[in-house]
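Structure at a glance
Here are the chains, one letter per residue:
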Amino acid sequence: MNDELRELYQQVILDHSRKPRNHGEITEGAVHVHGDNPSCGDEIDLYVKFAADGKIEDIKFSGSGCAISQASASMMTLKVKGKPRADAESLSQDFRTIVTGEGTVKNEDALGELQLLEGVQHFPQRVKCAMLGWRALEQAIQMRAAGGSEGTTSSED
Ligand code: FES
């Protein structure tokens, strides 16, 4: 990562971790997933409200965690809000690809500034941080498909 990119990375992570977007809870009609990272104890509660056609109508998160986990979750909510379930799933797969460095990204444009988190692949422990919110999102999407509304996910799964 060159100096300019590193600076941008730091600015974006700091901005989102200090002022997380879509922070809070959805108390009615949402799928709720509690996710944790047992290696550090950080947690996330993700609330996803799906429209009748499966689109992500609203999404919020709360919990406590490191800057990367909070920033990644915040950026995720901005990206997937209003998107069809299939788009959110494919974005999640592409995000996993860039943070693990394994596989091929299908839609680079859709990732946008999420690509700044690519450097995480050099720090295996940080992959769990970056994926905390996304794993909860994947779980919420699976639960919606199965008709459930409460679930948990753990990075050790
Ligand atoms: Fe716990 Fe990052 S150190 S999620």
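All of the points below concern the structure found in this document.

Basis of the calculations
Residues numbered from 1 in each chain as written. Predicted model: local features only at pLDDT ≥ 70, side-chain atom pairs only at ≥ 80, totals over all residues. Heavy atoms only, no water. Helix = DSSP H or I, 4+ residues; strand = E, 2+ residues; numbered from the N terminus. Expected span 1.5 Å × (residues − 1). Buried < 20%, exposed > 50% of the residue type's maximum accessible area, 1.4 Å probe, protein only. Contact = heavy atoms within 4.5 Å. Patch = residues over 30% accessible without salt bridge, like charges linked within 9 Å, V, L, I, M, F, W, Y side chains within 5 Å. Areas by Shrake-Rupley, 256 points an atom, 1.4 Å probe, with all protein chains shown as cover. Salt bridge = Lys/Arg side-chain N within 4 Å of Asp/Glu carboxyl O. Core = buried A, V, L, I, M, F, W, Y, C linked by side-chain atoms within 4.5 Å. Phe/Tyr/Trp six-rings, centres within 6.5 Å; stacked < 30°, edge-to-face > 60°.

Another aspect to go through is helix 3 (residues 85-100). With 16 residues, helix 3 should reach 22 Å at 1.5 Å per residue; the first-to-last C-alpha distance of 22 Å fits that figure. All of the buried residues in helix 3 are Ala-88, Leu-91, Ser-92, Asp-94, Phe-95, Thr-97, Ile-98 and Val-99. Looking at the packing, one finds that the buried side of helix 3 touches strand 3 (56-64), helix 2 (67-80), helix 4 (108-111) and helix 5 (124-146). Backbone geometry just downstream of helix 3 places Gly-101 in the positive-phi region, at approximately 75°.

A few words now on a nonpolar patch on the surface. A contiguous nonpolar patch, built from Met-1, Leu-5 and Leu-8 and spanning about 260 Å² of accessible area, is present on the exposed surface. Considering the arrangement of structural elements, one finds Leu-5 in helix 1 (residues 3-18). Leu-5 gets classed as partly exposed once you look at its relative accessible area, which sits at 37%.

A word on the nonpolar core. Ranked by size, the top nonpolar core spans 40 residues in total, and within it Phe-95, Val-99, Leu-117 and Leu-137 carry the most contacts. Elements supplying a minimum of two residues to this core: helix 1, strand 1 (31-37), strand 2 (42-50), strand 3, helix 2, helix 3 and helix 5. Apart from residues no more than four positions distant in its own chain, Leu-137 is found in contact with Leu-46, Val-48, Ile-56, Ile-59, Met-76 and Val-80.

We now examine the packing of aromatic side chains. In total, this model carries one aromatic pair according to the counting rule given. Taking the centre distance of 4.6 Å and the plane angle of 20° together, the rings of Phe-95 and Trp-134 count as stacked. Of this pair, Phe-95 sits in helix 3 while Trp-134 sits in helix 5; the two residues are 39 residues apart in sequence, bridging distant segments of the chain. Of the residues examined, Trp-134 reaches a relative accessible area of 0% and is grouped as buried.

The next thing to look at is unusual backbone geometry. Glycine aside, a negative phi is what most residues show, and trans is what most peptide bonds show. Even without being a glycine, Asn-22 presents a positive backbone phi close to 55°. Here Asn-22 shows up in the loop between helix 1 and strand 1. Residue class for Asn-22 comes out buried when judged on its relative accessible area of 16%.

Quick look at the environment of Pro-124 now. Note that Pro-124 resides in helix 5. Taking the C-alpha atoms as reference, Pro-124 lies 20 Å from Ser-17; in sequence the two are 107 residues apart.

When you line up the elements, Thr-77 lands in helix 2. A relative accessible area of 0% means that Thr-77 is categorised as buried. Setting aside residues no more than four positions away along its own chain, Thr-77 makes contact with Arg-21, Asn-22, Ile-59 and Phe-61.

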